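If you want the building blocks of each chain, they are given just below.
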Amino acid sequence: MDILVGTLLLASMYALVAFAWVLMFKTTGILNLATGAHLAIGAYLFDTFATRWELPWAITIAGWLVSGLAIAWVTQMGLFRRLAGQPEFVLVIATLGLASLLKGVQSLTWGTDSRLIREPFRDEFYFLPGDAVISAYGIATIGVAVVVFVASGIFFSRTKIGVEMRVTAEHAILAAQSGIRVDRIYIIGWWIAFSIASLAGILYAYNTALSPNMGDALGLRGIAPALVGGLDSIRGVIPGALIVAFAEVVGVRLLGGQMQDVTAWIVILAVLLIKPNGLFGSASVNRV
Amino acid sequence: MSHDSAIVLQDVSVTLGGNRILKNVSLDFAQGVTSGLIGPNGAGKTTLLNYICGIVPAVSGTRRILGRDATRLGTHDMLTAGLARTFQGAQFVGDLTAVENVMLGAHLRTRVNILTAALRTPAAMRSEAEIRARARVALERIGVAALADRQINELSFGDQRKVDLARALVTEAECILLDEPMAGLSAEEKDSLCEVLRELRREGGPTIVLIEHDMRVVSELCAWTAVLDAGELIAQGPTDEVLSADVVIEAYMGTGQTA
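Residues numbered from 1 in each chain as written. Chains lettered and ligands numbered in written order. Predicted model: local features only at pLDDT ≥ 70, side-chain atom pairs only at ≥ 80, totals over all residues. Heavy atoms only, no water.

Student: How do you make sense of the domain arrangement of chain B when you look at a structure like this?
Tutor: By a widespread convention, an interface's size corresponds to the accessible area lost as its parts come together. Residue and element names in this part refer to chain B. Partitioning chain B into domains gives domain 1 (1–81 + 175–186 + 207–259) and domain 2 (83–172). Once you take the C-alpha centre of each, domain 1 and domain 2 turn out to be 27 Å apart. The interface is formed by 22 residues belonging to domain 1 together with 15 residues belonging to domain 2. Between domain 1 and domain 2, the buried area comes to about 1,500 Å², and carbon and sulfur atoms account for 60% of it. It is Leu79, Ile176 and Asp179 that lose the most area in domain 1 upon contact with domain 2, and together they represent 34% of the buried surface on that side. Inspection of the domain 1/domain 2 interface yields one salt bridge. Residue aspartate 179 pairs with arginine 85 through a salt bridge whose shortest N-O separation is 3.7 Å. Applying the counting criterion to the domain 1 and domain 2 interface returns eleven residue pairs in polar contact (both at pLDDT 80 or more). If you tally residues by element for the side of domain 1 that touches domain 2, the top one is strand S7 (residues 175–179), at five residues. Each residue belonging to the side of domain 1 that touches domain 2 can be placed in one class, and the counts come to 17 nonpolar, three polar and two charged. (Domains from an automatic or database assignment. Contact = heavy atoms within 4.5 Å. Buried area = accessible area lost by both parts, 1.4 Å probe. Salt bridge = Lys/Arg side-chain N within 4 Å of Asp/Glu carboxyl O. Polar contact = N/O pair within 3.5 Å; in protein donor to acceptor, adjacent residues only side chain to side chain. Helix = DSSP H or I, 4+ residues; strand = E, 2+ residues; numbered from the N terminus. Nonpolar A, V, L, I, M, F, W, Y, C, P; charged D, E, K, R; others polar.)

Shown next as structure tokens:
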């Protein structure tokens, strides 16, 4: 039972991070190496609004979303628009540069200490049958992940912008020809990916603490479920996250805490050896 | 002159990767007729189409679409300007069905946001149903209504072409540009597509500009034809005159070899 709870909690966070990776890969066709930096910056921005300035929660959330949009806008119009038409390799390296830039901004602005975020409600622990414990924030984390996935399911399959994003991902010129403003779609893509990655960071901070290196720790860990599920498969994110989280929880249980990273990568290697495109990926992913 | 012209190009020069692809091309495609754009491979036909659609920028020159200056418009503005196109080789979104690909052409008219979609409001459902119905009509017009719900990447190349054309039609654009619609089709498929295009013309459908290699198709469909060779416009006029002009024959045969 506690394995189940641990898996669900970890999988919720992994699924969000993996979703950010997959979303960027699907909408722009590049592996966004700044996903981890997004995760950390977003969480720190949220912390600034919530803890340092003690703004009301609605304004905190609005401020976090607006600053995410600003970052997305600058990223697309200031950087990636100018790189349009460059080989993929250049774009991926650009995301690496973006990651270092954001990390620099992060450590200059917020330093290198871990800290706690102001809590919207008191954390409590609930005891479940089979010696399992779950905290209120653990429940909230799982709930948020479920809401995000249901909402994005509706968003991508039924809304105008969602369909525009899918079309742009597959065929940018055809999309533009159909009257879709491709730049705007890319900005929205960056924005959603940023928001979802940093949501994972915020939830992680509530479950443990806001720490300066969580961008690397959680951000890079999130690519494991994305690879297992298939980098171009939104559908593959949840099973991928569950598999990786389960392997980690069991691996830690059997082999100790230092095995956490190792088990994740063993799962990735195993899946990639059997199905190189991930469990749900399509054969056309040949780029990374 | 300009109010009955669908597309007017003036002194258009395009450079790509340091190569001059188009050299001072001035062209006038009339409204309400089917015009051809021909020329040997590498003459710059597709580049010209891409310039008209705002995909490729020009070094110099202007373009007017349906009487309005379109020089500064971007690709996503073309549809509102009244222009739709198909692509060389069928282009589509592979994980959608045929009818959904056609709906893409009309998607600017949809009004579905996350709230109305989640709540399945009557307005959102109506908007989608209406566009789906129009897409089906367009498929029927092209003669592939039976394939509407098939996944598009399962269709034959010829059928994908037709779906591409239906996507251009459903936009109700006043002018559509077709980039080699017949390439890779069998003789029967060519005949049936020719018939569809002729039918469109008879019904007073959109102005059509057509890039084509098959001269039989060009002389059958196009009242007017322009010829590009090595980036320069070497002839334009009524199709039968253009096709028998010496410069055109020379461009296709190569100079010196015909003597």
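Student: Is there a simple way to think about the sheet that holds strand S9 (residues 224–229) of chain B in this case?
Tutor: In sheet architecture, strand pairing relies on hydrogen bonds along the backbone and comes in two forms, parallel and antiparallel. Residues and elements named next belong to chain B. Taken in spatial order, the six strands line up as S6-S7-S8-S3-S9-S10 in an open sheet, and their pairing is mixed. Bordering the open sheet on either side are strand S6 (83–85) and strand S10 (232–238), each of which pairs with just one other strand. Strand after strand, the sheet turns through a mean of 15 degrees between neighbouring axes, direction not considered. Bridge count for strand S3 (residues 34–38) against strand S8 (residues 207–211) is four bridges, and the pairing is parallel. Within the sheet, the bridge partner assigned to glycine 36 lies in S8 and is leucine 210. Where helix H1 (residues 45–52) meets the sheet, its contacts fall on S3, S6, S7, S8 and S9, and the angle it forms with S7 comes to roughly 150 degrees. On top of the sheet, helix H10 (residues 246–253) reaches S3, S9 and S10; it is set at about 130 degrees to S10, its chief contact. (Pairing = 2+ DSSP bridges. Axes fitted to C-alpha atoms, helices over the stretch in contact; angles between N-to-C directions.)

Student: Looking at this model, I keep getting lost on the interface of chain A and chain B. Mind explaining?
Tutor: At the interface, 19 residues of chain A touch 30 residues of chain B. Here chain A packs against chain B, burying approximately 2,200 Å² in sum over the two surfaces, 59% of which is carbon and sulfur. Among the residues of chain A in contact with chain B, Arg158, Lys160 and Gln177 of chain A are the three that bury the most area, contributing 32% of the side total. At the boundary of chain A and chain B, one finds one salt bridge. As a salt-bridge pair, aspartate 77 of chain B and arginine 181 of chain A come within 3.7 Å of each other at their nearest N and O atoms. Remark: the boundary between chain A and chain B carries two residue pairs in polar contact (both at pLDDT 80 or more). Counting only elements with at least two residues in the side of chain A that touches chain B, the list comes to helix H5 (136–158), helix H6 (160–170) and helix H7 (172–177) of chain A. Of all the elements, H6 of chain A adds the most residues to the side of chain A that touches chain B, at five residues.

Student: Please clarify how helix H3 (residues 98–105) of chain B should be interpreted in this entry.
Tutor: Most of H3 of chain B is tucked away, with seven of its eight residues classed as buried. Burial in H3 of chain B covers these residues: Ala98, Val99, Asn101, Val102, Met103, Leu104 and Gly105 of chain B. Turning to H3 of chain B, the residues buried within the fold contact H6 and H7 of chain A together with helix H2 (78–81), helix H5 (122–142) and helix H6 (157–170) of chain B. (Buried < 20%, exposed > 50% of the residue type's maximum accessible area, 1.4 Å probe, protein only.)

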